[in-house]
Amino acid sequence: MDADSYKYININGISIAYTDSGSGQTVLFVHGFASFSYTWQKLMQCLPKNLRLVAFDLKGCGYSEKVCDGYLSPFDHSQILDQFILKLGLKDIFLVGHSMGGAISLLALFNQEIKERVRKLVLIDTAGLFQKIPDFIDDLSVVSPSNPLLKLTDEDLMARLVLEQIFYDRKKITGEIIKEYADVLRLKNAKECIIGAAKQIAIANIRSFHKKMAALKIPTLLIWGEKDAIIDLEDAFLFFHDLPGAKLKIIPSCGHCPQEEQPEKTAQIIGKFLRLEPKIRDEEKTSGEIDVIGKAVTAEKDKTAAGESPAAYDFTAPFEGGKHKLKMSRLIDHWSFGTVFLMFFVKCLQLLKKIGFKAEENGWRKASGIFLRKEHTKFILALFRLNYFHKNMSSEPETSKAVLISRLADFLRKTPACHWTSEAGILMHRRKQVFFTDITEVEFTEDGRILNLIPYFDSTRPAFVMLSEELKEKALKQIIFYCNKNCGIPDLKRNRKIHKSLSWWVMRQYNLSRARQHELRLYVNRILNGTFIQFDILTDDPQIFMKERFATPNTKYRGHPGFGLLNIFCRFTRDLAEADLWFQYHHVPVDGMPMQEALADLKKEWGSCGKVVYPALSGPAAEKELYEFNRNICRARIYVCFDEFLKLRKKINEKYYSRMGGPATVASMLIWGIAQHEDLGKRKFVFPVDTSLLVDYPMERTLSLVIIRPGKFFTPQKPLKGFIAYQREFNRHLFATRLGKSETYELLELYALIHPLFYYCTSKIMPKSLGEFIGTAGLTVLRDAEMFISPMTDVHFNGFIAIGNMKMPTEDGGNSSAISFCGSKERVLQYIDAMQNISKNCENLLDDLDED
């Protein structure tokens, strides 16, 4: 295709290129990011001939005018789509959108005049609900030498690199396809427009978008490539449950662009959908349809009458008419006097909420402020082999420390997600926003006493001009004195006592003016609420280097003495060429997912000195790590190879995707596997879920919970049947929670209405009853984390498990994952046994899999 193949229309002063062929029912195609109308050519050739096929190039794309301004967002494109439809007088339209074009199509439908002209909607691997901008789009949005659009001058190579991200079967990337996209990239200002669009790709108000989309009543077909590497298949189910009567078709072995990679199958699906009656039938509202093309048919309905486990849910049933019907009784598996009492209390809270009572803060944040205050409730994430020197490396440790602290301060300063501290109260902590990036270097003795403090205050903020150097030194000595004096008492009391003692010391400085006293108090508080960092240098002995590099820092003796968000452990290699950073986070202000994303940005910015390689599983460095944190809690870590487990997961998803109402996730399968252990079968597990879809601002991201008891679904004679019922319920709960429509999400919001004292009473008087509502054991996964050390809440008394990247390379050429445990020693050893069994004997989890 070339410019002469198009017609042109002027919309808002912009020349828009489009094609218009055939006659009959109008099908209007909207392409995605960095694409153009060529993407529809193969699909058009496979569609029925009695259709009018219209495709246009978005502003700045294809052969439309290249205007690189601040109006390239999905909303701006939707305004052009509106005008395009009106100017061409298109009516009774079948609207088809791919990727960003799907989001643009949905935004256009929020205009009632356009909605009345659209008969049916087809969304192909659509954007709009992703929780994180796809990496390749994020890369293109950066105006730097690392941007492939600026780095590469060969447009053919550039086109191939992008297409390889999009196609699953790269053999289908032909020379013709590369030439078409490369020719467009050669046009004047084409690359600049792509960069501009990448910067503006986010939907400004995702919450509003989500609500308006859920209110649409239009027959909708969702088509998704099973192997989409750009927008996860999980998003397909988010759309499926929020679009009333939507039908979801999943194409196996297909990437992000089904219309190009598998045009015949895509055309067959669309053609069948276009022949359906336009009105949404009642049964469509209640059930919808999920199809994995060539593998399974429609989503299962309730099969209780046919002998299905009574615990199995119709995956779509809880979303009738696009509205989720909450049944708080679903939270309870075993009723008792305590659970009846708590359920009555929950119903009272629901009534208060209904008549207008509102909580001052988010339910999860309040719960974390009560149950995640202690040292063992903090979590740790690590980055290895960081290239912290951006210029010539120093051979002096003190210079290396100064350089790393300076760069770290710069990064934290521009990362809003880290601008928090914890404000202590008697019954709970609250998170508090801070506007300083202060880092204090601390040196500890072996038994946890502080030897020295060197503060590095935020260089962009005014210094303490009213304080003399002598007074600052005196304040540092007092901080060290009170920290060491109280180092033997429980951490929760210790931090409060240190803070209180230092406040009294400041008040007793009678020779200071009120203004200088105030500045001295600020000086002390900024140290206690800032970031602490401590340094070590790794051995150069190859026999113990790996063991020392990956050894978990013992925060029992080297914890943060104040309420700051971050306590960082830095380990330099002996030649000072590389730095490993272990970030211990206070869990009250922040959660794991946003912090892992921030660390990924840090590594991307600083660069790496090489690939991170775990110890060989058979070597001494991979031996079990176990240490007691306090009298009742210990921490442990093991390395496990999950290769066979991941193969099993892939096999299950290929065969039972539809029957399970979505994918078998890593977390759900691990929870199922752990519950097979003879001592762990009755546990009720909690899995934290990121709910960023529900907030307008990234800083407000929070968590909710999926809570499930796998033992409820056990069918010893037919384990596969029980697992499918379990996974179906897990997926129902997972997707509902991400949309803020689950019972646990409602529970946390209700609990935000009550006083913290209620939590203490229930957790002490009736812990098992409370466990029926919020679980007694937990598992959390951060799939990109190089190392993830588990926290433990004060209420999940059966312990917690944390897992990072499951495919970390090892010294001997294999793969492994580090698994961290926190809980009583008895529980931790049981979890270790269960995890090792999953790794070695995962085929026994579903031993009737091949019989089905």
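Residues numbered from 1 in each chain as written. Predicted model: local features only at pLDDT ≥ 70, side-chain atom pairs only at ≥ 80, totals over all residues. Heavy atoms only, no water.

Let us now look at the overall build of the protein chain. Each helix and strand in the protein chain was counted, giving 29 helices and 26 strands. Put simply, the protein chain has 852 residues, and 60% of those count as buried. Considering only intrachain contacts with a sequence separation of at least 6, the fraction spanning at least 24 residues in the protein chain is 74%. Counting every atom, the protein chain has about 35,300 Å² of accessible surface; 52% of that belongs to carbon and sulfur. (Helix = DSSP H or I, 4+ residues; strand = E, 2+ residues; numbered from the N terminus. Buried < 20%, exposed > 50% of the residue type's maximum accessible area, 1.4 Å probe, protein only. Contact = heavy atoms within 4.5 Å. Areas by Shrake-Rupley, 256 points an atom, 1.4 Å probe, with all protein chains shown as cover.)

Before going further, it helps to spend a moment on the pairing of strand β15 (residues 531-537). Burial of β15 is extensive: five of the seven residues sit out of reach of the surface. Pairing between strand β13 (residues 439-444) and β15: three bridges, direction parallel. Bridge pairing links Glu 441 to Ile 533 in β15. When β15 meets strand β16 (residues 566-572), the two strands line up parallel, connected through six bridges. Bridge pairing links Phe 532 to Asn 567 in β16. (Pairing = 2+ DSSP bridges.)

A separate point is the nonpolar core. Judged by nonpolar contacts, the single largest core of 78 residues is most densely connected at Leu 28, Phe 56, Phe 84 and Leu 106. Non-local contacts of Leu 28, meaning those with residues more than four positions away in its chain, are made with Val 54, Phe 56, Leu 81, Phe 84, Ile 85, Leu 90, Ile 93, Phe 94, Leu 95 and Val 96. One finds Leu 670, Val 689, Phe 713 and Leu 734 within the second-largest nonpolar core, a separate group that totals 51 residues. (Core = buried A, V, L, I, M, F, W, Y, C linked by side-chain atoms within 4.5 Å.)

If you trace the seven strands from one edge of the open sheet to the other, you get β14-β13-β15-β16-β17-β10-β23, paired in mixed fashion. Two strands in the sheet have a free side with no partner beyond their single neighbour: β14 (450-456) and β23 (787-789). The sheet shows a mean angle of 20 degrees between the axes of neighbouring strands, direction not considered. Contacts from helix α17 (residues 397-413) reach β13, β14, β15, β16 and β17 (579-585), with the element oriented near 145 degrees to β15. (Axes fitted to C-alpha atoms, helices over the stretch in contact; angles between N-to-C directions.)

The method is simple in principle: a probe with the dimensions of a water molecule rolls over the atoms, and the space it marks as empty is what remains. Counted by the stated rule, this structure contains ten cavities of 30 Å³ or more. Considered as a void within the structure, the second largest cavity measures approximately 150 Å³ in volume. Lining the second largest cavity are 13 residues, with Trp 364, Ala 367, Phe 371, Ile 774 and Val 795 positioned closest to its centre. Breaking the lining of the second largest cavity down by element, the ones donating at least two residues are α16 (363-371) and α26 (743-751). Residue contributions to the lining of the second largest cavity peak at four residues, all from α16. Considering only residue class, the lining of the second largest cavity consists of ten nonpolar, three polar and no charged. (1 Å grid on protein atoms, 1.4 Å probe; cavity = no way out; pocket = protein on both sides within 12 Å on 5 of 7 lines; lining within 4 Å. Points joined across faces, edges and corners; volume = space filled by probe spheres on them. Nonpolar A, V, L, I, M, F, W, Y, C, P; charged D, E, K, R; others polar.)

Take the confidence of the model for the protein chain next. With 89% of its residues at a pLDDT of at least 70, the protein chain reaches an overall mean of 86. Every residue in residues 693-699 is under pLDDT 50, and counting partners more than four places away or in other chains gives 21 contacts. (pLDDT = per-residue confidence, 0-100.)

Counted at 1.5 Å a residue, the expected span for helix α19 (residues 491-507) with its 17 residues is 24 Å, and the 24 Å between its end C-alpha atoms agrees. Listing the buried residues of α19 in full gives Asp 491, Leu 492, Arg 494, Asn 495, Ile 498, Ser 501, Leu 502, Trp 505 and Val 506. The secondary structure elements touched by the buried residues of α19 are α18 (469-485) and α20 (514-528). (Expected span 1.5 Å × (residues − 1).)

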